[in-house]
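As a plain string of letters, each chain reads:
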Amino acid sequence: MRALFPAVAFGTKRLDDFAEDDVPALPYAMVASDGAFVRQPTTLVATVRVAVWGESDAAGYDLADDLHATLLGYEGGSEVRGFGPLTGPLPTEDPDTGQPLTSFTVSARLRPRSP
């Protein structure tokens with residue numbers, strides 16, 4: 001996603017987890033995984049959560065919608081077969097910072113790894 005959206009800062013921390021003098025500029029997208037689990041003997045799935053902070057409700061929602069569509073349109077690669085929709089994009093307000101926030105989750109279908 002970084003290559004497709006070069007104007008967006010990506011990371012794994014919430015905005016309020018950064019030191020006061022180290023907060024990234026908006027737009028910012030936090031990408032996190034809730035871990036992987038086996039659905040069937042040959043299928044590994046991970047839930048991926050994405051939260052997007054934008055300058056405005058509309059800007060954050062539009063970016064989250066574009067990121068969501070990009071993941072759902074991914075045709076697969078060496079480690080990920082593709083993504084499926086779970087929730088969102090859901091616009092809201094960050095309870096810690098009061099800034100516009102839009103989030104979504106997708107299911108990543110992972111390729112089996114050789115031992």
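Keep in mind the model is a prediction, meaning the values are calculated, not measured.

Visitor: I tried to follow the layout of surface pockets on my own but got confused; where do I start?
Guide: A probe as big as a water molecule, rolled over the atoms, marks out the empty space that is left. The calculated volume of the largest pocket comes to roughly 220 Å³. Lining the largest pocket we find V31, A32, S33, V48, T70, L71, Y74, V80 and F83. Where the lining of the largest pocket is concerned, the elements lending two or more residues are β2 (28–40), α1 (57–72) and β4 (80–93).

Visitor: Help me understand the side chain of T47 in this model?
Guide: With respect to the element layout, T47 can be found in strand β3 (residues 43–53). Residue class for T47 comes out buried when judged on its relative accessible area of 19%. Once you skip the residues sitting within four places of it in the chain, T47 turns out to touch A32, S33, D34, G35, L86, T105 and V106.

Visitor: Mind showing me how you'd approach unusual backbone geometry here?
Guide: Glycine aside, negative phi is the norm for most residues, and most peptide bonds take the trans geometry. The linkage connecting L26 with the following residue, P27, adopts the cis geometry, with an omega of 5 degrees. You can see P27 is positioned in the loop between β1 (9–11) and β2. Each neighbour pair has its own omega, and for G88 with P89 the value is 10 degrees, a cis peptide bond. Residue placement: P89 occurs in strand β4.

Visitor: Is there a simple way to explain the pairing of β4 in this structure?
Guide: On a regular strand, each side chain points to the face opposite its neighbour's, so the side chains alternate between the two faces of the sheet. Taken together, the ten bridges between β4 and strand β5 (residues 100–110) define a ladder with antiparallel strand orientation. Across the sheet, T92 pairs through a bridge with L101, a residue of β5. Counting the residues that bridge the hairpin from β4 to β5 gives six residues, and of these G98 lies at a positive phi of roughly 80 degrees.

Visitor: Explain the confidence of the model for the chain here, please?
Guide: Keep in mind that low pLDDT regions are not for reading the predicted coordinates in detail. Overall, the prediction assigns the chain a mean pLDDT of 89, with 91% of residues at 70 or greater. When pLDDT is averaged over each element of the chain, α1 comes out on top at 96 and β2 at the bottom at 79.

Visitor: What's the story with the nonpolar core in this structure? I'm lost.
Guide: One recurring pattern in soluble globular proteins is that nonpolar side chains are buried together. Of all hydrophobic cores here, the largest spans 18 residues; its most connected members are V52, L67 and F104. Ignoring anything within four residues of it in the chain, the contact list for F104 reads V48, R49, V50, A64, L67, H68, L71, T87, G88 and P89. Listed in part, the seven residues of the second largest apolar core include L15, F18, Y28 and W53.

Parameters at a glance
Residues numbered from 1 in each chain as written. Predicted model: local features only at pLDDT ≥ 70, side-chain atom pairs only at ≥ 80, totals over all residues. Heavy atoms only, no water. 1 Å grid on protein atoms, 1.4 Å probe; cavity = no way out; pocket = protein on both sides within 12 Å on 5 of 7 lines; lining within 4 Å. Points joined across faces, edges and corners; volume = space filled by probe spheres on them. Helix = DSSP H or I, 4+ residues; strand = E, 2+ residues; numbered from the N terminus. Buried < 20%, exposed > 50% of the residue type's maximum accessible area, 1.4 Å probe, protein only. Contact = heavy atoms within 4.5 Å. Pairing = 2+ DSSP bridges. pLDDT = per-residue confidence, 0-100. Core = buried A, V, L, I, M, F, W, Y, C linked by side-chain atoms within 4.5 Å.

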